[in-house]
Amino acid sequence: MQNTYQELWQKTKNILANVLADSTFDDTFSNVDEVIKFQNNIIYVLVPNNYIKTKINHMYSEKINEILNSLTPEKVKFKFVCETEINDTPTIITTNNRLYLNHLNENHSFESFVVGDSNNFAYRICLNVAEQPGFIANPLYIFGGVGLGKTHLMQAIGNYILDKDLNKKVLYVQANDFIVDYSKATQIGSMTAFDEKYDNLDCLLVDDIQMLEIGKKSQQEFFKLFNDLINRKKQIVITSDCPANQLKGIMERLTSRFSQGMTVDIKHPDLEQRVNILKRKAAELTVKKIPDDVLYFIAQNFTDNIRELEGALNRVIGHSDVCNYDNITLEKAADALEALIAYKKSTEGSKENHENLLSVIADFYNITVNDLLSTKRKQTFVLPRHIAMYILKQHYDYPYTKIGVILGNRDHTTIMNGCSKIESEIKTNKELSMAVDTILKKVNK
C-alpha cells in the first residue's frame, strides 16, 4: 500500500518535471521524494523545511492535485509536511472518504500560528473547538482588527477537522461570497448549486460577517442555514471586526444567536510577538538567515497589523534577491524599507487614512500591500489596484497625480485609465459593485 502511494508521488513528480522549468523544478522538488504516511485519504509527503512547504502550498498544490486526480480514481490528495509535524510511526488507513472543495489555505494551521498575549485565549479556544466541533463553543465568534490572524485561526479549525477526517464537509466563505451565491441562485431561479454548496455541512467558517449587512434577503437565508447547523450540532465559526452586539444593519435575531456561543477577541501583538511572527514567516519565505536586529527593526517600525509586518519582511527579502546578496544586514534592511517607513510617517495622523484603505483592499483580495503597489500584471493584482485607484479618486477626492504617487509612483494617465475601467464595469458587474461596497464599509466611507 505504501509503495502504491510512493509510486503515485513519483509519477506526479515526473509530470511536474515536464511542466515546470528545470531550474524551478530542481529548486523546489529535488529533495521532495518520500511518502511517509497515508491517513484519512491524505498522502503525506516529507519536505526538507518550512520554506519549501509554503512554496509548494502557495504555488503548486492545485496543479499537483490536478495531476494526482488524473493518475488515480481514488479520492486522495497530497499534503506536504516537515518532519516535526508528523507522528514517528507511519500509519496506513484506507477509507472511502471524498474530497470537498472547502476553500481553505493549507498553510493556515495551528502549528504555523504564533501565539502571544494578544491571542493566547483565542488560540486555546479555537484548538478546543477543532478537537470537539459542535460541542465546546457553538457558534464561535472571533473579532478584532484587520490583519491580526482571525482568518488564520478560523481556517486552522477547518484544516484540523479535515486532517482528522477528510470525509467531513468543511466550508470557508467570506460573508460577501454567501451573498453572491444566494443572489446568483435567485437570479437564475434555481437553488441547486447553492444547496450543493451549503447543505449537510459539518463545519461552516464565515469571514467578515459584518458584510452581511449589504444583503438583506441573504440574512434570512443565512438565518435558516445557521439554525440548521446548530440544531444538528455542527460547528459554526464567525469572524468580524467588532463584537456581535455592535454589528449594524444585521437583524437582531441573528446577532443574538451570534452571541449565544462564545466570543473571543484578538488584540494587536506586542513587540516580542511581532518578532516571533517574523521569525516564523522568514522560515517560510527564504532559506537566508535574517539576524535578530533586522527582525527587531522591522517589528519596531511596522506595528499596525500582521499583514503590514509580513509585507515589510517580504520587501526586505525581495530586495536581497533583486540585489543578489546573501547576508541581510540591518543597514541593507533599512535601505530596503526606507521609502515605506518614510511613507508611513508622512501619513500618520492623516484624517483620510488611505494607508488603511490599501490594507483593507489587500486583505479583501488576500494579497499584500506590496503586491498592490508593485508592477506585477497578474489579474490577481491588477483588479484590486484599479479598485484602489477608483476609490481614492471617487471617495477620497485625491488628484490623479497624488494617487499615482501613493500607488508606486505611477503616471497619472495610468490612474485615469484604471479609474475609468472600474467606473464603467461597476455599472454592469454586480460582483464588482458589491466588492467595492464591502471595501467602502470596512473603511467607513
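Residues numbered from 1 in each chain as written. Predicted model: local features only at pLDDT ≥ 70, side-chain atom pairs only at ≥ 80, totals over all residues. Heavy atoms only, no water.

Undergrad: Honestly, the pairing of strand β2 (residues 42-46) in this entry has me stumped. Any pointers?
TA: For a regular strand, side chains alternate in direction, first toward one face of the sheet and then toward the other. With five of five residues buried, β2 lies mostly within the body of the structure. Burial along β2 is two-sided: I42, Y44 and L46 facing one way and I43 and V45 facing the other are all buried. The pairing of strand β1 (residues 35-39) with β2 spans four bridges and is antiparallel. Bridging across to β2, F38 finds its partner in I43. (Buried < 20%, exposed > 50% of the residue type's maximum accessible area, 1.4 Å probe, protein only. Helix = DSSP H or I, 4+ residues; strand = E, 2+ residues; numbered from the N terminus. Pairing = 2+ DSSP bridges.)

Undergrad: Would you take a moment to explain helix α19 (residues 412-425) for this structure?
TA: Residues spaced three or four apart along an α-helix point in a common direction, a consequence of the helix completing one turn every 3.6 residues. If you check α19, its first and last C-alpha atoms are 20 Å apart, about what 14 residues at 1.5 Å a residue would give, namely 20 Å. Taken together, the buried positions of α19 are I415, G418, C419 and I422. The arc enclosing the buried residues of α19, seen along the axis, measures out at 95 degrees, which places them on a common side. Close packing links the buried residues of α19 with α17 (379-394), α18 (400-406) and α20 (430-442). (Expected span 1.5 Å × (residues − 1). Arc of directions from axis to C-beta. Contact = heavy atoms within 4.5 Å.)

Undergrad: Looking at this structure, I do not really get the packing of α17 against α20. What am I missing?
TA: Axis angle and axis distance: for two packed helices, these are the angle between their axes and the distance between the axes, and together they describe the pair. Between α17 and α20, the shortest axis-to-axis distance is 11 Å and the interhelical angle comes to 60 degrees. With respect to α20, the axis of α17 lies oblique. Here α17 and α20 pass one another in a crossing that is right-handed. Between α17 and α20, the contacting residues are L383, I387, Y390 and I391 on the first element and L432, V436, I439 and L440 on the second. For the contact of α17 with α20, a count of residues per class yields eight nonpolar, no polar and no charged. (Axes fitted to C-alpha atoms, helices over the stretch in contact; angles between N-to-C directions. Parallel < 35°, antiparallel > 145°, perpendicular 65-115°, else oblique. Left-handed = near helix turned anticlockwise from the far one by under 90°. Nonpolar A, V, L, I, M, F, W, Y, C, P; charged D, E, K, R; others polar.)

Undergrad: Help me understand the environment of V287 in this model?
TA: Along the chain, V287 turns up in the loop between α11 (271-285) and α12 (292-301). For V287, a relative accessible area of 64% translates into the label exposed. Residues V287 and Q246, 41 residues apart in the sequence, show an inter-C-alpha distance of 44 Å. Leave out the neighbours within four places in its chain, and V287 touches N49 and Y51.

Undergrad: Sorry if this is basic, but what is going on with the environment of A388 here?
TA: With respect to the helices and strands, the residue A388 is situated in helix α17. With a relative accessible area of 0%, A388 lands in the buried category. C-alpha separation for the pair A388 and L357, spaced 31 residues apart in sequence, amounts to 7.7 Å. Contacts of A388, omitting those with residues within four sequence positions, involve L358, I361 and L407.

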